[in-house]
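The residues making up each chain are set out below.
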Amino acid sequence: MEAWQIVAIVIAVVIVGGIAYFFGTRKSSGAALAESVAPPRAHAPASGPVRPPEPAAPRPAAAPEDVERARLEAQRVRYEAESAAMQVRQQAEQHANTVRNRAESDIRDLRNKAEAAWNEEERKRQEKMLDVERRLARREAETHQERQKVAVLEKTLEEEKEKLGTQLAEAKTRDEELKAKIAEEEQKLLSIAQLSAQEARDIVMKKFEEACQSDLAKYLEKKEEEKKDRADELAQRIVGTAIQRCAVRYVSDTVTSVIDLPSDEMKGRIIGREGRNIRAIEKATGVDVIVDDTPGVIVISCFDMVRREIARRALEKLINDGRIHPTRIEELIESEKKAIDEDIRNTGKKTCADLGLLKVHPQIQYLIGRLKYRTSYGQNVLEHSIEIAHILSSISSELKLDPLIGKRCGLMHDIGKALTHELDGSHAVLGAEQARRFDEPRLIWNAIGAHHEDMPYESTYAVLTQVGDAISAGRPGARRDSVEQYIERLEKLEAAATSFSGVVSAYAVQAGRELRVLVDADKLDDQQALLTARDIAKKIEDELTYPGEIRVTLIRERKVVEVAR
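Scope of this entry: the structure provided in the associated data block. Predicted model only: the values in this text are computed from it and were never measured.

**Considering the overall build of the chain**
In terms of regular secondary structure, the chain is built from 15 helices and eight strands. For the chain, the residues scored as buried account for 28% of the 565 residues in total. Considering only contacts within the chain whose residues lie at least 6 apart along the sequence, 61% involve residues at least 24 apart. Looking at the chain as shown, the accessible area adds up to about 39500 Å², and 54% of this sits on carbon and sulfur atoms.

Here's what the structure looks like:
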């Protein structure tokens, strides 16, 4: 709201208040006067006796001095209101002047600031334009210099081009002259040698080939030796790394299990009246229960680890329970058969999960679990398969192949051994047939079938599976033979060596890992000794079965003895 509006409102309020005060005073005086001169009121007749009216009280008359006083008071109030209004208006005008002066001052300040900012912006724009002009001038100068240089270079190139053209013409002339002279000389040589150009070229090339043939053979032999050394070194490193990374325990399984008894009295209860309990155990499980004079133990004997494990668990539960009779024996044995079957399935699943192999058919997992109760030369087949899986994974990684495929080939390579007591045939072929039947890729079942060369190799994984099997089986302590088999194998080794002409004697050493052969130096020379060693090794590979590899060391020496008397 503006200042003059406020002043006008104040003046109006003061004037209205004064007028109201004035008219209010006059009205009260007029009312008093009217009452004093008014006629008496007419009263309605009453039904009762009429009472005489009471005399009215005397009213004072309006005094002229009161009216004059009211008028003077109104004039005074109006004068005061006009004075107040004038004073308020003067104050409002002063305030408006102050506000206007301040606004004008602010406007001047803003205008000065805007002018200063515009001048600064204009100065910067001028400086920027000057800078752009300077850069353009510098670029023009540089461009002019570059044009001058290009012009100089073009002139130089034209001069060089002219020189080269002259030299080229001279070279062509000389070339034609030389060709003419060479043709003339060739004609002279041909007339002298009585040979054509092709015949002369063939003679020269033939002499050159004869001169280089010896050097070429030496070079090829050197490169072949270098490749062989490098291949041997790389193979040893890869195999050594794979063996080092694989740490699988060896379990030497036997064909017997020993059960501890709480007392020797338990032997009689296990045998039963007239041997009915022990016969029931042997009939239900197919094992031999040996009860002898050895204190505190009985022995379970069976080549089948599954049947032996069922009998062992059942006997332990019977001993702990104390109720030993044929019916109870049959119940426990049936229960343990189911438990063993479930354990086989869980073992197969856990083994595949531990190795990170996915989408393995449940039947394949069951065959893998059955390998837990299968041995080969005293080596547990499941542990052997797990070891090969780790070895092939490491070798595949070194050779930039898929380690999961290597693990799969290694773990499944002996699943056929879980069926050899049920089906006839090689365990490699049986395993390959099972893998193919349960949707394993051809790469896998070919590796299973080829690891004993029953099938042709179709991939690198098949070769690696055979290598991993040889590494695991050939480790010291991994497999064991009986004494008779061990002696028989050593005798066959020595007999294979002595069957060749010129061999004096042969000795199998280092547990059959090395065969040392002594030959007669008078009957065999060095070349014949080399061939004989190779033939002995080939015969051992073809005729004998052995884990790992056998080194054949052939020794030929001439020993001359003279006696000085």
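**A look at the pattern of salt bridges**
Enumeration according to the criterion identifies 28 salt bridges in this entry. A salt bridge links R312 to E309, with the shortest nitrogen-to-oxygen separation between them at 2.5 Å. In this pair, R312 and E309 are both assigned in helix α6 (residues 305-321), three residues apart and thus about one turn of the helix distant. Using a relative accessible area of 16% as the deciding quantity, one classes E309 as buried. Across the pair D526 and R556 runs a salt bridge, and its minimum N-O distance is 2.8 Å. Of this pair, D526 sits in helix α15 (residues 526-543) while R556 sits in the segment after β8 (551-555), and the two are 30 residues apart along the sequence. Given a relative accessible area of 56%, D526 falls into the exposed group. For R556, a relative accessible area of 30% puts it in the partly exposed group. Look at the salt bridges and you will find they share partners, linking E309, R312, R313, E316, K317 and E336 into a network.

**A short note on the nonpolar core**
General note: in soluble globular proteins, nonpolar side chains tend to be found buried as a group. Of all hydrophobic cores here, the largest spans 34 residues; its most connected members are I364, I368, L411, M412 and I415. Counting only elements with at least two residues in this core, the list comes to α8 (362-370), α9 (381-398), α10 (403-412), α11 (427-437), α12 (442-450) and α13 (460-474). Looking at which element gives the most residues to this core, the answer is α9, with eight residues. The residues contacting L411, other than those within four sequence positions of it, are T351, C352, L355, L357, I368, S385, I386 and A389. M266, A311, L332 and I333 belong to the second-largest nonpolar core, a separate cluster that totals 27 residues.

**A word on the side chain of H413**
Residue position: H413 is located in the loop between α10 and α11. Judged by its relative accessible area of 0%, H413 falls in the buried class. A distance of 3.3 Å separates polar atoms of two side chains, one belonging to H413 and the other to H384. The residues contacting H413, other than those within four sequence positions of it, are H384, S385, I388, I448, H451, T465 and D469.

Rules behind the numbers
Residues numbered from 1 in each chain as written. Predicted model: local features only at pLDDT ≥ 70, side-chain atom pairs only at ≥ 80, totals over all residues. Heavy atoms only, no water. Helix = DSSP H or I, 4+ residues; strand = E, 2+ residues; numbered from the N terminus. Buried < 20%, exposed > 50% of the residue type's maximum accessible area, 1.4 Å probe, protein only. Contact = heavy atoms within 4.5 Å. Areas by Shrake-Rupley, 256 points an atom, 1.4 Å probe, with all protein chains shown as cover. Salt bridge = Lys/Arg side-chain N within 4 Å of Asp/Glu carboxyl O. Core = buried A, V, L, I, M, F, W, Y, C linked by side-chain atoms within 4.5 Å. Polar contact = N/O pair within 3.5 Å; in protein donor to acceptor, adjacent residues only side chain to side chain.

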